[in-house]
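# Structural characterization, general
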Amino acid sequence: MSRSERATVSLAATAAFLTRATYCPSMKPAAVEELIESNLEDAEASVTHARDKHDEDHLAATVVSPVFEGLPLVQQHQQVYDALDEHMTTDIHALELSTYTPDEYDELEADQ
């Protein structure tokens, strides 16, 4: 299974979990970035609105951290959820995640 296919499967599982959660969609992308970067070692996060700026409920995050080295994709995503703590069930409705080690991200950037 390719990384893209695994991400889609993981995203579907995340969406199923989040639709059951109680939430108050109030977190701005910059606040989510700050939480991830402050709670996940050496992380660089970029968070945007997943659909458009008028859809504040759906966020997309790209997170690069050496912490992900050797971890399966699901565990990488769990690291991000842990960094966001209770905000995943109270302040964030949906979060699309793309996680990379620094080497993976450098390869991705080089291919573009």
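Residues numbered from 1 in each chain as written. Predicted model: local features only at pLDDT ≥ 70, side-chain atom pairs only at ≥ 80, totals over all residues. Heavy atoms only, no water.

### Description of the packing of helix α2 (residues 29–39) against helix α3 (residues 73–84)
Geometrically, a packed helix pair is captured by the angle between its two axes and the distance between the axes. What counts is decided by this rule: To obtain an axis, a line is fitted to C-alpha atoms, over the contacting stretch when the element is a helix, and the angle between two such axes runs from 0 to 180 degrees between their N-to-C directions. Here a strand is any run of E in DSSP of at least two residues, a helix any run of H or I of at least four, and the numbering for each starts at the N terminus. For classification purposes, an angle smaller than 35 degrees is called roughly parallel, one larger than 145 roughly antiparallel, one from 65 to 115 roughly perpendicular, and anything else oblique. Here, two residues are considered to be in contact whenever any of their heavy atoms come within 4.5 Å of each other. Just so you know the grouping, Ala, Val, Leu, Ile, Met, Phe, Trp, Tyr, Cys and Pro go in nonpolar, Asp, Glu, Lys and Arg go in charged, and all remaining residues, Gly too, go in polar.
Following both chains from N to C, one finds α2 and α3 inclined at 105°, their axes separated by 8 Å at the closest point. Taken together, the axis directions place α2 and α3 in an arrangement best described as roughly perpendicular. Contacts from Val32, Leu35, Ile36 and Asn39 in α2 reach Val80, Ala83 and Leu84 in α3. Of the residues contributing to the contact of α2 with α3, the split by class is six nonpolar, one polar and no charged.

### Some words on a negative patch on the surface
As a reminder of what qualifies: Think of a patch as exposed residues, more than 30% relative accessible area, with no salt bridge, where like charges cluster within 9 Å and nonpolar side chains (Val, Leu, Ile, Met, Phe, Trp, Tyr) cluster within 5 Å. All accessible areas in this document rest on Shrake-Rupley with a 1.4 Å probe, and a residue is counted as covered only by the protein chains that are shown. Salt bridge, as used here, is a side-chain nitrogen of Lys or Arg placed within 4 Å of a carboxyl oxygen of Asp or Glu. Note on charges: Lys and Arg go in the positive column, Asp and Glu in the negative column, and His and the chain ends are not counted at all. Note that the charge is assigned to NZ on lysines, CZ on arginines, CG on aspartates and CD on glutamates.
A cluster of acidic residues, Glu69, Asp103, Asp106, Glu107, Glu109 and Asp111, forms a negative patch on the protein surface. Within the secondary structure, Asp106 sits in helix α5 (residues 102–111).

### Focus on the sheet that holds strand β3 (residues 94–100)
Which entries qualify depends on this criterion: Strand pairing is defined by DSSP finding a minimum of two bridges between the two strands.
Ordered by their spatial adjacency, three strands build an open sheet running β1-β2-β3, and the pairing between neighbours is mixed. Every other strand in the sheet has two partners, leaving β1 (44–49) and β3 as the edge strands with one partner each. The mean angle between the axes of side-by-side strands here comes to 15°, regardless of whether they run parallel or antiparallel. Here seven bridges tie strand β2 (residues 58–64) to β3, and the two strands are oriented parallel to one another. Residue pairing across strands places Ala61 opposite Leu97, the latter belonging to β3. Packed onto the sheet, α3 meets β2 and β3 and runs at close to 120° relative to β3. Most of the contacts of α5 go to β3, to which it runs at about 95°, and overall it touches β2 and β3.

Such coordinate-based values are descriptive only and should not be taken to indicate function.
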